[in-house]
Structure formats: C-alpha cells, structure tokens
Amino acid sequence: MLEPLVLPTPEALAEHAAAAIEAAMRRSPRGLFCLAAGDTPRATYERLVFRLKRSQAELSGLRFIALDEWQGLAPDSPGGCQSFLRETIIGPLGIAEANVVFFDALGDPGTACREVADRRRAWGPITLAVLGIGRNGHLGFNEPGTLAESTVRLVVLDSTTKRVGAKYFPDGRAPRLGLTLGLADLLTADEVLVLASGEAKRGIVRRALDPSSFPEVPAAVLHRHRHATLLADRAAFGAE
Ligand code: GLP
C-alpha cells in the first residue's frame, strides 16, 4: 500500500520527513540509504543534517546509493543529482567516499549501471528510499509506462521530465537521457518515503494514490510495497 500522510505546511513536511530519516538511520547505523535529488527534499535534508549533528549520531557505517542521474553530466555539474546530494548531505555529514556510489554519467552507461547494480546487491537491501514524484508520476527516472520489473538502466527521458527538469540547469536545457534505479530495485527497499510539496503536484498525487493508474503513473507501483508512505503537504494533497 502507498499510505498518504498529510502535513499542513512544507515546513511540517520537511520536519516530519527529517525525523523519519533520522530514526531509520539510528535504527540501522549500517543501513543503505537512497535519496532523491530535486527541489522537494532540500528543506528535509537541511533539517536532517541539523538533527544528526545536534545528536552527534554515529554516521560512519551509513551507506548511500544514487537514485538517478542525468546522462552526460560531470560529478560536480550544477543541476546534477550527484552534485546536489554532495552539497546537501554527503558533504555536510562528512560521509566517506568508500560509503557512497553514484552513477558515472560521463562514462559508458552500461558500465555505470553495472557498477550501481553490483553495489546495490553487495550493500543492499536498501533500508530507506526517499523519493520525489515527478509531474508525470515518475520515481527517479522511471517514466510513465515503466515495468514493475525494471532494474538499473539508461532511459530516454519523457518530454515532461525534460521540460520541468530545465529548472535545474543554468542554461535551461535538460539532457535527453537519464540513468536510474529501476522500480524493482525500489520495491525491494525495506521502506519507501515519497515527498510531495506544492500545488503543482496535486493532480499527480491524487493519481498516484489510485493503484490502477500504474503503469501510466509509475509512483502507483508503490501500492505493491509493504511499507510505502506518501508524505504530502496540504497544497500537494488538496483540501479535504
Ligand atoms: C526529477 C528527478 C527525481 C525527482 C523528481 C521531482 O526529475 N529525476 O528524482 O524526485 O524529478 O523533482 P522536484 O522535487 O524538483 O519536483
């Protein structure tokens, strides 16, 4: 089931999500965490870093695996998922390089995908996946029509993803290919949290809550998961 949980404001959403991630990290100090990039989780990660530093939590055993990446970007490219996560989480928490794996989006895509898939197998299962939802319902870069059995791969991005994704890039142009964990990888996670904030997500949040909208709405695959929560603020969920 994908259970909705509605918080009144974006701030309350970020606080709730940060507390949930911190709790999972404390329960599983050697756990594997898969965190989405994007505008939605930024405030959550700020609060998470604050909480973990304040409590002097033990972080040396935590591991992090990439969710997705725009193909062709250098590791420190503005707009990239890797650069975002290094800036918001990996850097501020001082996570060791040996405990993170990102897609090598400059190299051969097959090799990049194999590396992430091998690491997921070796380090997995994923303890907690923190995801966003695209306006077209994607999770990572699993675009509309993706099979539930999909695994790590190179994908041709949907036109909505490229149009909306232009906001991340200084030149206003998003790449046309992406690298992503598959839906099958996400379904094997012990727990999944999907964050949705703002009115622009309202329509797709509604559709994701209907199990029959899969595979047109990839996020609806999470109704097959045993512990998946959609955390939405009031604007994303709509008035009761
Ligand atoms: C992007 C990423 C996703 C992200 C989603 C929502 O294209 N590939 O991993 O979760 O779209 O992004 P935002 O939070 O900016 O709305």
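The structure under discussion appears in the preceding block.
Residues numbered from 1 in each chain as written. Predicted model: local features only at pLDDT ≥ 70, side-chain atom pairs only at ≥ 80, totals over all residues. Heavy atoms only, no water.

Visitor: Explain the site of the ligand here, please?
Guide: For the ligand, the set of nearby residues contains 15 residues, the closest of which are D39, T40, D68, Y168 and K201. Interatomic distance of 2.8 Å between a backbone N/O atom of D39 and an oxygen atom of the ligand. A distance of 2.5 Å separates an oxygen atom of the ligand from a polar atom in the side chain of Y168. Expressed as a share of its isolated accessible area of 400 Å², the protein-covered part of the ligand is 94%. (Near = heavy atom within 4 Å. Polar contact = N/O pair within 3.5 Å; in protein donor to acceptor, adjacent residues only side chain to side chain. Areas by Shrake-Rupley, 256 points an atom, 1.4 Å probe, with all protein chains shown as cover.)

Visitor: What exactly am I supposed to notice about helix 4 (residues 109-123) here?
Guide: Spacing of three or four residues puts side chains on the same side of an α-helix, whose turn is 3.6 residues. Taking 1.5 Å of rise per residue, the 15 residues of helix 4 would be expected to cover 21 Å, and the 21 Å separating its terminal C-alpha atoms lies within 8% of that figure. Every buried residue belonging to helix 4 is among A112, C113, V116, A117, R120 and W123, and all of these are buried. Considered in projection along helix 4, the buried side chains sweep an arc of 145° and stay on one side of the axis. Exposed positions of helix 4 whose direction lies more than 90 degrees from the buried face are R114, R121 and A122. The elements touched by buried residues of helix 4 are strand 2 (32-35), strand 3 (63-65), strand 5 (100-101), strand 7 (153-156), strand 8 (177-180) and helix 6 (183-187). (Helix = DSSP H or I, 4+ residues; strand = E, 2+ residues; numbered from the N terminus. Expected span 1.5 Å × (residues − 1). Buried < 20%, exposed > 50% of the residue type's maximum accessible area, 1.4 Å probe, protein only. Arc of directions from axis to C-beta. Contact = heavy atoms within 4.5 Å.)

Visitor: How should the side chain of S213 be read in this particular structure?
Guide: Note that S213 resides in the loop between helix 7 (202-208) and strand 10 (228-233). For S213, the side chain forms a polar contact with the main-chain oxygen of D210, separated by 2.6 Å. Beyond its immediate chain neighbours, meaning those up to four positions away, S213 contacts R207, A208 and A220.

Visitor: Please clarify how the nonpolar core should be interpreted in this entry.
Guide: Here is a general trend for soluble globular proteins: nonpolar side chains tend to be buried in one another's company. In this structure, Y45, F64, I89 and L222 are the most contacted members of the largest nonpolar core, which totals 83 residues. Ignoring anything within four residues of it in the chain, the contact list for Y45 reads I21, L35, A36, F84, L85, T88, I89 and V130. (Core = buried A, V, L, I, M, F, W, Y, C linked by side-chain atoms within 4.5 Å.)

Visitor: Can you help me understand the sheet that holds strand 8 in this one?
Guide: Backbone-to-backbone hydrogen bonds pair the strands of a sheet. The strands run either parallel or antiparallel. Strand order in the open sheet formed by three strands is 4-8-7, with antiparallel pairing between adjacent strands. Strand pairing shows two members of the sheet lacking a second neighbour, strand 4 (68-70) and strand 7, which therefore form its edges. Along the sheet, successive strands turn relative to each other by an average axial angle of 25°, direction set aside. Pairing analysis gives four bridges linking strand 7 to strand 8, with the strands arranged antiparallel. Considered in strand 8, the bridge of V155 is made with G178. (Pairing = 2+ DSSP bridges. Axes fitted to C-alpha atoms, helices over the stretch in contact; angles between N-to-C directions.)

Visitor: What am I meant to see in helix 3 (residues 81-93) here?
Guide: Here helix 3 is 13 residues long and its end C-alpha atoms lie 17 Å apart, about the 18 Å a rise of 1.5 Å per residue gives. The principal kink in helix 3, of about 45°, is found at E87. Listing the buried residues of helix 3 in full gives C81, Q82, S83, F84, L85, T88, I89, I90 and L93. Buried residues along helix 3 sit against strand 2, helix 2 (42-54), strand 3, strand 4 and strand 5. Directly after helix 3, the chain includes G94, whose backbone phi takes a positive value near 65°. (Bend = angle between axes of the 7 residues up to and from the residue.)

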